[in-house]
Amino acid sequence: MRILFLDQSGKPGGAELCLIDIAKPYCNHALVGLFADGTFKDLLQQNHIPVEVLATQAIQVSKESTLAQGLKSLVKLAPLITKVVKKAREYDLIYANTQKALVVGAIASFFSRRPLVYHLHDILSKEHFSQTNVRIAVNLANGFASLVIANSQASKTAFVQAGGRKDIVEVVYNGFEPKNYQTDESDINKLQQDLGLEGKFVVGHFSRLAPWKGQHILIDALSKCPPQVTAILVGDALFGEQDYVEQLHQQVAKLGLENRVKFLGFRSDIPQLMTACDLVTHTSTSPEPFGRVIVEAMLCGKPVVAAKAGGAMELVEHGLNGFLVTPGEPQELAQVITTCLQETEITATIANNARTTASKRFNVATINQQIAQLLCNRLSLPA
Ligand code: UDP
């Protein structure tokens, strides 16, 4: 099956990292068309997935854009759409991985007469998007997509609640290769030494720096934890959230936590860094569509504390394979962190359970099979 994947981002967020795993099995007959240059292109190349940057200028539509702004940028999109229509004729289907890719992909699907698949990595609600954006995404998916793959039940429910067609949407979780999360003990010891983490109880947070990812909740919680609890914040402001980064640094200084919080920026050694932690926290203040970091922590055998909303509730069963806390409540988070610090045996059992179940439930081979079957059955295309 020849697939033209489309993604708007030049930077590797969760949706882009997921796309690498989806595109790999098709890499001999596929192309990933990007609407921006950047490190995501490098990652695709490292994985031997053909990639081309198709847009010459950035698309100026944000999650809060109005209809007028959206229409204005549509005119500017004409050269990109023309290019995608031409490319699409060389492939059996168009696979849009992001919302702007859906806009371009829908129009290209119409003109090239190729079926469209939309991979929905978002919760289409007013907490995350303007009403205009939600309406555009839902109407385009309803009108042009043969299949919508939602990354969680939560994303599917929001899609249907916003008017999305129930008959075209299927839930497929992100897939992971468990082997990638098995690390060498000597590497971890060296990493802990290099980062000055020895003898500390290390809480990790792995997310791009953005207000709704809630790094400020963890910093607040830390000030309520015993002094040996230290945090590493892994991730960067990928989409221009510089003010938030500044606020986080000010918060750390105000609480006198300079020696207990380390900002590590964007890293590509996530399995090693997670393994170097005693606990991983997820603190999103708005419902998380899926939460790759939660599964990754489980695969590293680390206890995970997640914010109880959205897709995270499908991944974590409180007290069985992790812990759930009320979003935006630092006091509750501090309590759970402190309990994990004190109750080491039960916490380790929970983390081990999580590793075993996550290795099966989110195995990339099984997930890719589910996607292949959906593409064949729903689109009547050759395998
Ligand atoms: N990640 C990374 N380097 C970093 C921070 C995060 O590679 O410095 C990865 C992380 O391991 C995860 C992804 O980025 O695979 C984030 O996905 P998630 O679903 O948690 O959030 P999203 O970015 O999609 O909102």
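Please refer to the structure higher up on the page.
Residues numbered from 1 in each chain as written. Predicted model: local features only at pLDDT ≥ 70, side-chain atom pairs only at ≥ 80, totals over all residues. Heavy atoms only, no water.

Chemist: I would appreciate a short explanation of the packing of helix H9 (residues 215-222) against helix H10 (residues 242-254) in the present structure.
Modeler: Helix-helix packing is described using two parameters, namely the angle between the two axes and the distance between the axes. At a minimum axis separation of 10 Å, H9 and H10 run at an interaxial angle of 0 degrees. In terms of orientation, H9 and H10 fall into the roughly parallel class. Together, Gln215, His216, Ile219 and Asp220 of H9 and Tyr244, Leu248, Gln251 and Val252 of H10 make up the contact between the two elements. Residue composition of the contact of H9 with H10, grouped by class: four nonpolar, three polar and one charged. (Axes fitted to C-alpha atoms, helices over the stretch in contact; angles between N-to-C directions. Helix = DSSP H or I, 4+ residues; strand = E, 2+ residues; numbered from the N terminus. Parallel < 35°, antiparallel > 145°, perpendicular 65-115°, else oblique. Contact = heavy atoms within 4.5 Å. Nonpolar A, V, L, I, M, F, W, Y, C, P; charged D, E, K, R; others polar.)

Chemist: Explain the side chain of Glu288 here, please?
Modeler: Locating Glu288 in the fold gives a position in the loop between strand E11 (279-281) and helix H12 (292-299). Glu288 sits in the buried class, given a relative accessible area of 7%. Setting aside residues up to four positions removed in sequence, Glu288 forms contacts with Ile123, Trp212, Lys213, His282, Ala309, Gly310, Gly311 and Ala312. (Buried < 20%, exposed > 50% of the residue type's maximum accessible area, 1.4 Å probe, protein only.)

Chemist: What's the story with the nonpolar core in this structure? I'm lost.
Modeler: Buried together is how nonpolar side chains tend to be arranged in soluble globular proteins. Among the nonpolar cores identified, the biggest contains 62 residues, and Phe5, Val32, Tyr95, Phe206, Ile232, Ile294 and Leu375 are the most heavily contacted of them. With six residues, the single largest contributor to this core is H12. Discounting residues that sit within four places of it in the chain, Phe5 has contacts with Leu19, Ile22, Ala23, Tyr26, Ala30, Leu31, Val32, Gly33 and Tyr95. Judged by nonpolar contacts, the second largest core, of 37 residues, contains Leu80, Ala88, Ala96 and Val104. (Core = buried A, V, L, I, M, F, W, Y, C linked by side-chain atoms within 4.5 Å.)

Chemist: Honestly, the sheet that holds strand E6 (residues 145-150) in this entry has me stumped. Any pointers?
Modeler: Paired through backbone hydrogen bonds, the strands of a sheet run either parallel or antiparallel to each other. Taken together, the seven strands give an open sheet; going across it, the order is E3-E2-E1-E4-E5-E6-E7, and neighbouring strands pair in parallel fashion. Edge positions in the sheet fall to strand E3 (51-53) and strand E7 (169-171), since each of these pairs with one other strand and no more. If you compare each strand with its neighbour and ignore which way they point, the axes differ by 20 degrees on average. The pairing of strand E2 (residues 30-34) with E3 spans three bridges and is classified as parallel. Counted as the bridge partner of Val32 is Val51 from E3. (Pairing = 2+ DSSP bridges.)

Chemist: I'm lost on the pairing of strand E12 (residues 304-307) in this one. Help?
Modeler: Every second residue of E12 is oriented toward a common face, with Val304 and Ala306 on one face and Val305 and Ala307 on the other, all of them buried. By the bridge criterion, two bridges tie E11 to E12 in an arrangement that is parallel. The residue of E12 that forms the bridge with Val280 is Val304. Between the parallel pair E11 and E12, the chain is carried across by H12, and the sense of this crossover is right-handed. Note: E12 against strand E13 (residues 323-325), three bridges, orientation parallel. Bridge pairing in E13 places Ala306 opposite Leu324. (Right-handed = clockwise from strand over helix to strand, strands pointing away.)

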